[in-house]
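# Structural description and commentary
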Amino acid sequence: MKILIVDDFSTMRRIIKNLLRDLGYENTYEADNGNTALPLLKNDKYDFLITDWNMPGMSGIELLKIIRADEKLKRLPVLMVTAEAKRDQIIEAAQSGVSGYVVKPFTGAALKDKIDKIFDRGN
Amino acid sequence: MGFDADNEILRDFIIEAEEVLDQLSGQLVELEVQPHNNELLNSIFRGFHSIKGSAGFLQIEPLVTLCHATENVFGSLRNNTISVDAHLMDVILEAFDQVNILFSQVNAGMVLKPASESLIQELNAISEQNITQSNTPDCNKNTDEYKNTEEVSEAEFEDLVNAFQAQSEAQSQVTDSLAQITDSPAQTNSITSPRNKSALQDVKHLDHQLDQYLRVNTQRLDEIMNLVGELVLIRNRCQKLTLPLKDEATSKSIGHLDKVTQALQNAVMKIRMQPIKKVFNRFPKVVRDLARQLDKSVNLELHGEETELDKNLVEAIVDPLIHLIRNAVDHGIELPAARKAAHKPPSGIIRLSAQQAGDQIHIIIQDDGGGMDPSLIKSKALQKNIITPEAAEQLSHVEIFNLIFAPGFSTKETISDISGRGVGMDVVKNKLTQLNGTIEVQSTQGQGTRVDIKVPLTLAIMPTLMVRLAHQIFALPLTHVVEIVPLIPANIHQLAAKNMVRLREKIIPLIFLKQWLMPKLEDLNHSQDEYMVIVSIDSQLIALAVDGLLGQEEVLIKPLDELLQGTPGISGATLTGEGQIALVLDLAGLIEHYYTLSDK
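Below or above, wherever it landed, is the structure these notes cover. What you see is a predicted model, and the numbers here were worked out from it, not measured in a lab.

Basis of the calculations
Residues numbered from 1 in each chain as written. Chains lettered and ligands numbered in written order. Predicted model: local features only at pLDDT ≥ 70, side-chain atom pairs only at ≥ 80, totals over all residues. Heavy atoms only, no water. Helix = DSSP H or I, 4+ residues; strand = E, 2+ residues; numbered from the N terminus. Contact = heavy atoms within 4.5 Å. Areas by Shrake-Rupley, 256 points an atom, 1.4 Å probe, with all protein chains shown as cover. Buried < 20%, exposed > 50% of the residue type's maximum accessible area, 1.4 Å probe, protein only. Arc of directions from axis to C-beta. Salt bridge = Lys/Arg side-chain N within 4 Å of Asp/Glu carboxyl O. Core = buried A, V, L, I, M, F, W, Y, C linked by side-chain atoms within 4.5 Å. Pairing = 2+ DSSP bridges. Axes fitted to C-alpha atoms, helices over the stretch in contact; angles between N-to-C directions. Patch = residues over 30% accessible without salt bridge, like charges linked within 9 Å, V, L, I, M, F, W, Y side chains within 5 Å. Phe/Tyr/Trp six-rings, centres within 6.5 Å; stacked < 30°, edge-to-face > 60°.

Attention now goes to the overall build of chain B. Scanning chain B from terminus to terminus reveals 20 helices and 18 strands. Pairs at least 24 residues apart make up 67% of the contacts formed inside chain B by residues separated by at least 6 positions. Carbon and sulfur atoms provide 52% of the accessible area of chain B, an area that totals close to 32,800 Å².

Written as C-alpha cells, this is what we have:
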C-alpha cells in the first residue's frame, strides 16, 4: 500500500514513518505541507493519506476538503493526526469526509487499530 | 521502535525543536509590539504545539505539560477570550525560558527538572480567564468551551463518517446519471471542462511552487568542501604546469577546468550559506532582557537579515555578536535620565546591519549611546601598561579606540556581571581574527559608538599573496594586504631601536620577516630584501620586508599537524601552484607574538 505522510515537522513524519514500517508498511512517502502534497497525490496513485491537522499554509482540513472535491482523489482514505480530541474539530473533520483520526502521542498498536478500522469499513 | 530509530528521532527532534525555539524567541518579542496580530498568534501557538506533539512521542512529559499549558494561552489569545497584558507577557516569557531550560536538559541527556507547579497553574489561570465576565453570551461561550472537551464517541464518529459517505455516493450517482442523459460528447465536455481547466491550472501553479528540500549532514558538506579545496590546488598546479607548453588544446582544456572548478566552488559554498537572520533572531530577546535588567529602554533594529554566509561562520560569530550587543546595551546606551539630559529620545537605538561587500560580509553595530571617551581609554591603557607613554602620544583617535581589544582591558572598575569579566573584547577580536576577519571600533563621545566587523564569505578557500623569504615560500592573507612597494634602504629609519620606514607622508613600523621566521638562517643579508608588503592590522599599517613576490593564489588552507599546531604566527599550510609547501601566516598573531617579544 502506497502511503503519503504530511506534516510540517520532519521529526513527526519520521516518527509516523517508523511506526508504519514496524507495522509492515514500507512504501511510504512524505510531504511537508498540503501544497506539496496535492501534486503528489494527483500524479501518483496513493492508497492512503496520513496528515497532521495543524499546519501553516494549508491546514489538514483544507487539504481534506480539496481532496474530497477532486474526482480522482475523493475516495482516498484519509487519517487525521491531531494533538487534541477537540469535539468541534473532529465533527467538522468527519463532516468533511475524514476517514479516521488518531490523537498524538499514539503507539503502533493504536495506529494499526485506526488503519484496520478504516479499511475494514470497505474503503 | 528500535533503539537506533529512537536515537535518530531524538536527534531530529533536537534539531527541529531548536529551530522552532529560535523562531519563537523573535516572535515573542514581536508579540509585545503586535499583540493582536492573529497570524503571529497562530504561528506562536503552532510552535509550542509542534514541540508538544513530538515531545509526547519521545515521552518527554515535563515538556509536554509545559508546552500544553503555554499553547492554551495562545489558543485563548487567538480566540479573543483574553488579551495581552504585562502580566501575561511575563508569565509567557517565564514559560518560554523554562521550555528552553528543559530543552537544553534534553539536549545534554540530563535528567529533566519539570517546570514549577505554580508556573503551570499561572498559565492555566490565564488561559481559562475571560475578559468579559458573567454576561449571557459568555455563559454560553463557557459552556461551549466545556462541551468541546467532551470526547466524540466512536459511535458518533462512525455515524458522521457513514453519513458523509452516503452523501457522496448519492452525489456521484446523480452526476453519472446526468452524464448518461446528456450523451453527446460536446455537452459532456461543457459540463466538466470548466472544472478540469481550473484544476489543471491549479496543478501547474502548485508544480511551480514545488520546492524540494533535503536535510544534509553538515559533516558531509565539510568533506565536499575539502575536496573542492583540493581540486582548487590541483587546478592551480595544472595551470602552472601547462603555462609554458603553449599548446592550444591543452590551454583550452585547462581554461575549461578553471571555469568548472570556479563554478563548483561557488555552488558548494552556496549550499552552506544560511541567512544571517538565523543568528539575528535571538538578539531582540537578549536586548530586551538586558535592558529590563538595567532599567534602560533600548530598541534593536535589524537590517540585512537576508544576507547569507557560510554555516560555520554563522555559528562562529554568534558569541562575539552577542557580546558586542550586550556591550552596547550595558556600556553604550545611557540610562533614561541621562539621555533626557542630553536631549536624546528616551529609547536608545542599536542598529545591527549585515551586507555583502565583495567576498566579505560587513556587519555593523551602531548605537546612539554615550560613546567612548578617548582620554579615559588612553589613561586606562597607560595604567595597565598596555602601551608606553611615547606610543600613547602618537596614537590617532581610531587607534585609541581599538585599544579596547587589548587583553586585560576594561574601563569598569568592577567588572560587571553583564558583559565585563575580562573575557570581553580581546576574546571577540581573537575569535574574529581566527575567522580571518577584522573588527574596528569608532566612537564619538556623547553621540554613539560603531563597531565594524568584516568576515570573509567562506572559511575554506582564501586568496593569498605568495612571497619568498630566502628559499622558503609563505602565504599572506590577501585581505590584509594594502599595497606592495619596493624596499628602498634610504627610507629606513630607527626609532627607539625599532625599524621604521617612510611610506609617502607616514612613518610606519618595518618588520624584516626573515628575522622572525628564519632566525637561524646563516646569511641574514638584508640587502636581499627587495619588496615591502604593506599590510593593515587593526587599522595600523605595517611594512613587511620580503625577498621576492610570487603572485596571488587562491588556496585551501590545511591545518598543521598536531605537533605543530599553536605555532605562533602560522595559521596553516598549503600547496603552491608549483607543488611546494607554503606556510600560511597569521599576521595578527605573528605581530602580537614577535613584536612584543622584541620589546623585552
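Let's shift gears to the side chain of T576 of chain B. All names here are of chain B. Positionally, T576 belongs in the loop between β17 (570–575) and β18 (581–585). Under the relative-accessibility criterion, T576 is labelled buried at 4%. Discounting chain neighbours no more than four positions away, the residues touching T576 are R237, M466, I473, E553 and A582.

Quick look at helix α15 (residues 374–383) of chain B now. Residue and element names in this part refer to chain B. Every buried residue belonging to α15 is among P374, I377, K380 and A381, and all of these are buried. On an axial view of α15, the arc spanned by its buried residues comes to 130°, and they lie on one face. Packed against the buried residues of α15 are α17 (397–401). Downstream of α15 by a residue or two, N385 has a phi angle that is positive, lying close to 60°.

This part takes up the pattern of salt bridges. As enumerated under the stated definition, the model contains 28 salt bridges over all chains in all. The salt bridge involving K45 of chain A is made with D47 of chain A; its shortest N-O contact spans 4.0 Å. With relative accessibility at 66%, the residue K45 of chain A sits in the exposed group. Linking K240 of chain B and E553 of chain B is a salt bridge whose minimum nitrogen-to-oxygen distance equals 2.9 Å. With K240 of chain B in helix α9 (residues 218–242) and E553 of chain B in strand β16 (residues 548–556), the pair connects residues that are 313 residues apart, well separated along the chain. Among the charged side chains, a network of salt bridges with common partners joins E334, R339, K344 and D368 of chain B.

This next bit is on the nonpolar core. Residues and elements named next belong to chain B. If you look at the biggest cluster of nonpolar residues, it comprises 60 residues, and the most contacted ones within it are L63, L66, F74 and L123. Looking at which element gives the most residues to this core, the answer is helix α4 (residues 86–107), with 11 residues. Setting aside chain neighbours within four positions, we find L123 in contact with L66, A69, T70, V73, V91, I92 and A95.

Residue and element names in this part refer to chain B. Strands sit in the order β10-β14-β15-β13-β12-β11 across an open sheet of 6 strands; the sheet is mixed. Looking at strand neighbours, the two that pair on one side only are β10 (481–486) and β11 (492–495), the edges of this open sheet. With strand direction ignored, the average angle separating the axes of adjacent strands in the sheet is 35°. Here β11 pairs with strand β12 (residues 498–503) via 4 bridges, running antiparallel. By the bridge assignment for β12, L495 is matched with K498.

Here we take up a nonpolar patch on the surface. Taken together, the side chains of L231, I234 and L264 of chain B define a hydrophobic patch exposed on the protein surface, amounting to about 230 Å² of accessible area. Note that L264 of chain B resides in helix α10 (residues 248–271).

A word on the packing of aromatic side chains. Summed over all chains, the structure comprises 6 aromatic pairs over all chains. Measuring from ring centre to ring centre gives 5.8 Å for Y29 of chain A and Y46 of chain A, while their planes differ by 90°; the resulting arrangement is edge-to-face. Taken as a pair, Y29 of chain A in strand β2 (residues 28–31) and Y46 of chain A in the loop between α2 (34–43) and β3 (48–52) lie far apart in primary sequence, 17 residues in all. For Y29 of chain A, a relative accessible area of 36% translates into the label partly exposed. Between Y101 of chain A and F157 of chain B, the ring centres sit 4.9 Å apart and the planes meet at 70°, which makes this aromatic pair edge-to-face. With Y101 of chain A in strand β5 (residues 100–103) and F157 of chain B in helix α7 (residues 154–181), the pair connects residues from two separate chains. For Y101 of chain A, a relative accessible area of 10% corresponds to the buried category.

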